[in-house]
Number of protein chains: 2
Amino acid sequence: MNTQARGDGTVGKALEVLDCVAEFGRPVRFSELLELSPYPKATLYRFLQTLTSQKMLSYNDDGTYWLGARLMRLAHAAWKNASLAPIARTHVEALASRAGESVHLAQLDNGQVLFVDKLKATDRFETLAQVGQVAPAYCTGVGKAMLAFLAPKRLELALKQQSFFKYTEATHGSARSLLRDLDDVRKTGIAFDRQEHEHGIISIAAPILNDNGRVTGAISVATSTTRYQLEELEAFRADLLETAEKIGKDATHWQFPA
Amino acid sequence: MNTQARGDGTVGKALEVLDCVAEFGRPVRFSELLELSPYPKATLYRFLQTLTSQKMLSYNDDGTYWLGARLMRLAHAAWKNASLAPIARTHVEALASRAGESVHLAQLDNGQVLFVDKLKATDRFETLAQVGQVAPAYCTGVGKAMLAFLAPKRLELALKQQSFFKYTEATHGSARSLLRDLDDVRKTGIAFDRQEHEHGIISIAAPILNDNGRVTGAISVATSTTRYQLEELEAFRADLLETAEKIGKDATHWQFPA
DNA sequence: GAACAGGTTCCACATAATGAAACCTTTCGT
DNA sequence: ACGAAAGGTTTCATTATGTGGAACCTGTTC
């Protein structure tokens with residue numbers, strides 16, 4: 001896995017088209033896609049044909065394309081077997097409704113944070129909206145919670161994968177600065193995001209450890225500085241830790257591969 | 001969309017590999033895949049590399065592959081925008097717990113039934129297990145419920161897409177036989193699966209209609225002949241119809257493209 | 001009834017995929 | 001410690017695949 005990323009190739013292009021369709025967020029016509037994608041008519045047409053015959057897209061008789069059944073199946077294989085989400089769902093829900101704020105559930109995926117569940121207590125329909133999103137580990141609450149409890153070797157590897165781009169003034173700009181923060185996290189069992197990834201967004205996060213003490217994920221309560229001060233997040237600490245522990249227990253039989 | 005299906009092409013092959021990974025239901029090693037897939041070592045290797053760099057697979061440092069972040073993202077775009085599931089979730093849950101039996105939520109996808117939610121009242125972990133599965137429309141409760149309320153033109157088209165393969169003695173073997181059944185469904189607003197798809201499995205289904213009277217999906221209570229007789233399914237009728245109506249109302253703003 | 005927009009098909013050509021074989025690297029048996 | 005085997009990665013000449021400009025449908029508009 002050390003050759004440089006290959007963005008090209010037929011498969012890559014086809015997937016780009018899939019992304020385009022997904023981006024629309026609704027069934028979409030050929031001509032609409034044509035504008036958004038960089039491919040000439042004939043090429044795009046062939047891609048759509050291929051993807052349709054592969055059931056990655058479905059072609060409706062009103063002439064629109066939308067993500068197809070195969071994608072659904074693959075997706076749920078992923079969801080069911082490689083993510084904490086189904087195991088943690090009830091706990092996450094409970095926490096969200098008690099906290100009245102967004103709850104995020106995340107796992108580590110090649111040095112990045114992968115959100116596997118996001119829940120807004122207030123809005124049922126927003127559920128799952130941004131599941132699958134990724135974010136850097138070094139500047140998010142969940143990310144730091146996980147990094148702090150990684151085995152030394154793994155941490156070393158993960159650190160190499162961080163860019164240390166400064167999103168805000170509060171973002172850690174180097175491994176050294178991050179490591180100091182992680183020491184605190186390790187002591188308290190709690191990680192804070194102090195507007196490190198996005199202005200105005202703060203969070204309090206706890207790692208999810210299985211019975212062997214291995215990190216399998218992290219969970220956080222996130223809110224905005226307009227509603228809470230950083231210090232006030234302490235109010236969620238006990239509930240968060242308790243929830244994380246419960247999830248850890250439920251997830252023990254199951255090993256996340258990272 | 002009239003050229004014959006092209007199962008070949010690079011994209012098709014790559015997706016086959018994805019399916020292989022999904023089939024394992026867990027992170028999988030190179031060598032395991034090698035046995036299951038028809039490709040030589042070098043070819044499979046390249047596919048895995050491509051899919052990994054495209055984030056369709058993730059490569060973990062214990063040397064295993066698993067479905068990746070991009071798939072997750074695509075999946076949830078599909079789930080959120082093209083399926084009744086998130087809209088219907090609460091109603092489905094409520095029905096499942098009242099009925100104490102499996103509840104299936106389905107939509108029509110190119111003449112086939114696509115399950116977008118399945119819920120067992122008894123087992124939280126089985127939730128979502130077979131979402132994305134497809135089944136024939138002509139021999140399932142949900143399928144017949146949807147067919148019966150399709151506009152004549154659409155029904156005609158859908159009938160052409162049915163194979164009328166006889167899964168059991170009870171399966172409809174021809175369009176004629178099916179159409180007679182659909183007349184009944186139209187009259188009563190309820191469809192039964194009388195062990196037509198699988199021995200021992202029966203169900204009672206109702207279509208979900210939006211305010212324009214257009215079919216957007218169907219919902220069913222399914223059980224086995226060891227627990228219920230066909231006639232006893234009547235007990236679920238009222239609750240089923242009521243639930244279907246509620247979902248229809250919630251889904252009215254939203255049009256399923258089929 | 002001519003011009004147009006949205007799709008679909010053709011085909012000479014360029015590119016990307018193929019897979020046998022050689023090559024690493026780690027693990028295992030003695 | 002040594003040889004062999006399993007598991008994984010790279011090379012490269014060959015060939016199958018994908019490419020896209022242009023022509024072509026078909027239904028709609030002015």
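An account of the accompanying structure is given in this report. (Residues numbered from 1 in each chain as written. Chains lettered and ligands numbered in written order. Predicted model: local features only at pLDDT ≥ 70, side-chain atom pairs only at ≥ 80, totals over all residues. Heavy atoms only, no water.)

**Things to note about the environment of E23(A)**
All names here are of chain A. Inspection of the secondary structure puts E23 in helix α1 (residues 9-24). Residue class for E23 comes out exposed when judged on its relative accessible area of 61%. When the C-alpha positions of E23 and L36 are compared, they lie 10.0 Å apart, and in sequence the two are 13 residues distant. (Helix = DSSP H or I, 4+ residues; strand = E, 2+ residues; numbered from the N terminus. Buried < 20%, exposed > 50% of the residue type's maximum accessible area, 1.4 Å probe, protein only.)

**Regarding the environment of R186(B)**
All names here are of chain B. Along the chain, R186 falls in helix α8 (residues 175-188). Looking at R186, the relative accessible area reads 35%, which means it is partly exposed. In this structure the C-alpha to C-alpha distance between R186 and M146, which are 40 residues apart in sequence, comes to 9.9 Å. At 2.7 Å, the side chain of R186 forms a polar contact with the backbone oxygen of A148. (Polar contact = N/O pair within 3.5 Å; in protein donor to acceptor, adjacent residues only side chain to side chain.)

**A few points about the sheet that holds strand β4 (residues 102-109) of chain A**
Residues and elements named next belong to chain A. Spatially, 6 strands are ordered β6-β5-β4-β9-β8-β7 in an open sheet, and the strand pairing comes out antiparallel. Strands at the two margins of the open sheet, each flanked by one partner only, are β6 (134-136) and β7 (191-194). Neighbour-to-neighbour, the strand axes of this sheet turn through a mean angle of 30°, independent of strand direction. Bridge analysis of β4 against strand β9 (residues 215-224) gives 5 bridges, and the strand direction is antiparallel. Its bridge partner being in β9, L105 is matched across the sheet by I219. (Pairing = 2+ DSSP bridges. Axes fitted to C-alpha atoms, helices over the stretch in contact; angles between N-to-C directions.)

**Observations concerning the protein's contact with DNA strand D**
Within the structure, DNA strand D sits among 20 residues, and A42(A), T43(A), T10(B), K41(B) and Y45(B) are positioned closest to it. Each atom of DNA strand D within 4 Å of the protein belongs either to a base or to sugar and phosphate, the latter forming 66%. The separation between a phosphate oxygen of DNA strand D and a polar side-chain atom of K13(A) is 3.3 Å. Within the backbone of S31(B), one N or O atom sits 3.1 Å away from a phosphate oxygen of DNA strand D. The set of elements that each furnish at least two residues to the surface near DNA strand D consists of α1 and α3 (41-53) of chain A together with α1 (9-24), α2 (30-36) and α3 (41-53) of chain B. Here the surface near DNA strand D is composed, by residue class, of 8 nonpolar, 7 polar and 5 charged. (Near = heavy atom within 4 Å. Nonpolar A, V, L, I, M, F, W, Y, C, P; charged D, E, K, R; others polar.)

**What to know about the sheet that holds strand β2 (residues 57-59) of chain A**
Residue and element names in this part refer to chain A. The strand order across the open sheet formed by 3 strands is β1-β3-β2, and the pairing between neighbours is antiparallel. Of all the strands in the sheet, the pair left with one neighbour each is β1 (28-29) and β2. Here 3 bridges tie β2 to strand β3 (residues 64-67), and the two strands are oriented antiparallel to one another. When the bridges of β3 are listed, Y59 appears paired with Y65. Docked against the sheet, α1 engages β1, β2 and β3, running at close to 95° with respect to β3. Across the sheet, α3 lies against β2 and β3, angled at about 100° from β2, the strand it touches most. (Contact = heavy atoms within 4.5 Å.)

**A look at α8(B)**
Note that an α-helix has 3.6 residues per turn; residues three or four places apart therefore point the same way. Residues and elements named next belong to chain B. Taking 1.5 Å per residue, 14 residues should reach 20 Å; α8 reaches 20 Å between its end C-alpha atoms and fits that length. Looking only at α8, the buried set comprises S177, L178, D181, L182 and V185. All buried residues of α8 fall inside an arc of 135° around its axis, so they share one side. Those residues of α8 that are exposed and aimed more than 90 degrees away from the buried face are R176, R180 and K187. (Expected span 1.5 Å × (residues − 1). Arc of directions from axis to C-beta.)

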